[in-house]
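Chain and residue survey
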Amino acid sequence: QVQLVESGGGLVQPGGSLRLSCAASGSIFSINAMGWYRQAPGKQRELVAGISTSGSTNLADSVKGRFTISRDNAKNTVYLRMNSLKPEDTAVYYCHADVATTRWGPLYNYWGQGTQVTVSS
């Protein structure tokens, strides 16, 4: 069993910053890609940012220049630094990881429980 636990969400004013963290624990042999998704009320879940094991990143156009994704492989943790936040960034943010639980086994998708980010004055 693998768990992803997110932290760092909250209420922030427009223009403010937040840093989200997501720590993976449990029966982990290795972690491949990790990422952050978000889902606003009435909208589909969308990819915000992804990062490979080697550190290659991809970001949604709507957050480029404002958000940064990083990871600490030794801690099985991924971070999302969010600057210059806008009201349209308001959503529940979910952590995702592709995890191998054994050396030769397949990768499984795991999700965190979500953390609310609200950008409002």
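Throughout what follows, the structure given in this document is the object of discussion. (Residues numbered from 1 in each chain as written. Predicted model: local features only at pLDDT ≥ 70, side-chain atom pairs only at ≥ 80, totals over all residues. Heavy atoms only, no water.)

All right, on to the overall build of the chain then. Looking only at helices and strands, the chain has 0 helices and 11 strands in total. With the principal axes as the frame, the chain shows a C-alpha extent of 50 × 25 × 25 Å. Here the chain, with 121 residues, has 38% of them falling under the buried criterion. Partitioning the intrachain contacts of the chain with sequence separation of at least 6 by distance along the chain shows that 55% fall at a separation of at least 24. Element-wise, carbon and sulfur atoms account for 48% of the exposed surface of the chain, whose accessible area totals about 6500 Å². (Helix = DSSP H or I, 4+ residues; strand = E, 2+ residues; numbered from the N terminus. Buried < 20%, exposed > 50% of the residue type's maximum accessible area, 1.4 Å probe, protein only. Contact = heavy atoms within 4.5 Å. Areas by Shrake-Rupley, 256 points an atom, 1.4 Å probe, with all protein chains shown as cover.)

On to the sheet that holds strand β8 (residues 77–82), then. Hydrogen bonds along the backbone pair up the strands of a sheet, which may run parallel or antiparallel. In space, the 4 strands of this open sheet follow the order β1-β3-β8-β7, with antiparallel pairing throughout. The open sheet has two edge strands with one neighbour each: β1 (2–7) and β7 (67–72). Going across the sheet, the axis of each strand differs from the next one's by a mean of 15 degrees, ignoring polarity. Here strand β3 (residues 18–26) pairs with β8 via 6 bridges, running antiparallel. Paired with S21 across the strands is Y79, a residue of β8. (Pairing = 2+ DSSP bridges. Axes fitted to C-alpha atoms, helices over the stretch in contact; angles between N-to-C directions.)

Any functional reading would require information beyond the geometric quantities listed.
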